[in-house]
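# Structural overview
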Amino acid sequence: MRYAALAAAAVVTFSTVGCTKDYGRNDISDFVKETCGIRKFNVSKSSEKITSDEDEYTDYLWTVTEPDGTVFHVLDDYHWGMEALVNTLKTDYFDVHLISSYPRLPHNRMELEYELQNGLYWARLTGSFSSREELLNELQELEEIRSDEQCPKNVSYSLKFDYPYRVIGEYDSFVGDTISNLSSPIDHEEAEKKVLLTCVDHQLPCRFEFSDDEIRAAVEGNNHQLAVKTDTGETIYYDDLCADQFSYGVSFAALYELLERNGFHPEGTPEHYRVTAKDGTLYEISYSFRHPLLEQSEGIYYLKNNEIVDMDSYFYTHFHVAEIREMFGLEVYERWNLQ
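Let me begin by describing the structure that accompanies this report. (Residues numbered from 1 in each chain as written. Predicted model: local features only at pLDDT ≥ 70, side-chain atom pairs only at ≥ 80, totals over all residues. Heavy atoms only, no water.)

### Looking at the packing of aromatic side chains
Within a pair of aromatic rings, the relevant descriptors are the distance that separates the centres and the angle that separates the planes. Let me state the cut-off plainly: Stacked, edge-to-face and tilted are the three classes for Phe, Tyr and Trp ring pairs, Trp counted by its six-membered ring, which pair at centre distances within 6.5 Å; planes under 30 degrees apart are stacked, over 60 edge-to-face, the rest tilted. By definition, any uninterrupted DSSP run of H or I lasting at least four residues is a helix, any uninterrupted run of E lasting at least two residues is a strand, and each is numbered from the N terminus. For each residue, the accessible area found with a 1.4 Å probe, counting protein chains only, is set against the maximum for its type, and the residue is called buried under 20%, exposed over 50%, and partly exposed in between.
Across all of its chains, the model carries 21 aromatic pairs by this definition. Both rings, one in phenylalanine 289 and one in tyrosine 301, keep their centres 5.2 Å apart while their planes meet at 5°; by these two values the pair is stacked. Highlighted residues: phenylalanine 289 in the loop between strand S18 (282-286) and strand S19 (290-291) and tyrosine 301 in strand S20 (residues 299-304), separated in sequence by 12 residues. The same class applies to phenylalanine 289 as to tyrosine 301, namely buried. Arranged with centres 5.2 Å apart and planes meeting at 75°, the rings of tyrosine 302 and phenylalanine 319 form a pair that is edge-to-face.

This is the structure we're talking about:
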């Protein structure tokens, strides 16, 4: 079972700096004691040579067996460390124990994803939600799993926010996701904030699951809070509008709201609308405007005087504020632009 490489797995590492070190059986034993916190185990007499999937270097895989028969591994991973060849010790101890203990953990929504890669198991718990209530239920379940005696340490988890426009072609945005580790307390407030800001960014109905005060608290002071400069030089910050948290810009839906508030009167809905700029240029913008590309499965575009204009990248559903200023003459900025 594969999962996004951007999620931090529970594999624990130890690196040398600027050079390589020859690790023997005793070194592996010391690493296991220090990293895994166990004392009774048996390290294989020799390592197995394996070829990495990521580079041309040869790695060395050690097998470790616990008294109850549980088998995990330590990988002596050779790779290029920016300026020199280095090697890193990695273990899948916690991942193996998560895979083993998962059936006995108090889970309902949380699923187990795992993969064998370069001789090591990578594992994590994963869930998917589309509302604030579902997120809270999953956070509560993670709390119960974390407090269970059979839950291993360093368990990685990923909660994926399932919303429209998340997946476009091969692009899968994780801006509203919570990706962390059960070795530390779960930050409920931060998880909800990520969802709230994503809802505000795309003007999704889920933003109404949050109060005006909650929205204001999340948006005000955020680096991507939206503001406009008026003809009189006044700067107006919106306490309920923000751009994408990964700096992709202003979503199609948020642009609709900005234009509506500044006298452009777009016709249609935030998902599909036509609007005329100050210079008379007619724009038609829609999340549904997608056409096939040779190298990607689909591409986003908009219409300018009925002519197709491709977005800068095939999955973009946002305009940078500089583009909006050029297109509409609307002096819109993100907070970080004005600091």
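### Things to note about the state of the cysteines
Applied cut-off: In plain terms, two cysteine sulfur atoms within 2.5 Å form what is called a disulfide here.
In the structure shown here, the tally under the stated rule is 1 disulfide. What pairs with cysteine 199 in a disulfide is cysteine 206, and their sulfur atoms sit 1.9 Å apart. The disulfide joining cysteine 199 to cysteine 206 has a torsion of about -110° about its S-S bond and is therefore left-handed. For the unlinked cysteine cysteine 151, the closest cysteine sulfur is that of cysteine 36, found at 15 Å. The class of cysteine 151 is buried, set by a relative accessible area of 14%. This cysteine, cysteine 242, is not joined by any disulfide, and cysteine 199 carries the nearest cysteine sulfur, 10 Å off. Look at cysteine 242 and you get buried, because its relative accessible area is 0%.

### Describing the pairing of strand S17 (residues 272-276)
Cut-off, in case you're wondering: When DSSP finds two or more bridges between two strands, those strands count as paired.
The alternating pattern of S17 places Tyr273 and Val275 on a buried face, while none of His272, Arg274 and Thr276, on the opposite face, is buried. With 3 bridges joining them, strand S16 (residues 267-269) and S17 adopt antiparallel strand pairing. When the sheet's bridge partners are listed, threonine 269 is paired in S17 with histidine 272. Here S16 folds back onto S17 in antiparallel fashion, the turn holding 2 residues. Following S17, the chain reverses through 5 residues before pairing antiparallel with S18; glycine 280 in that reversal takes a positive phi of roughly 90°.

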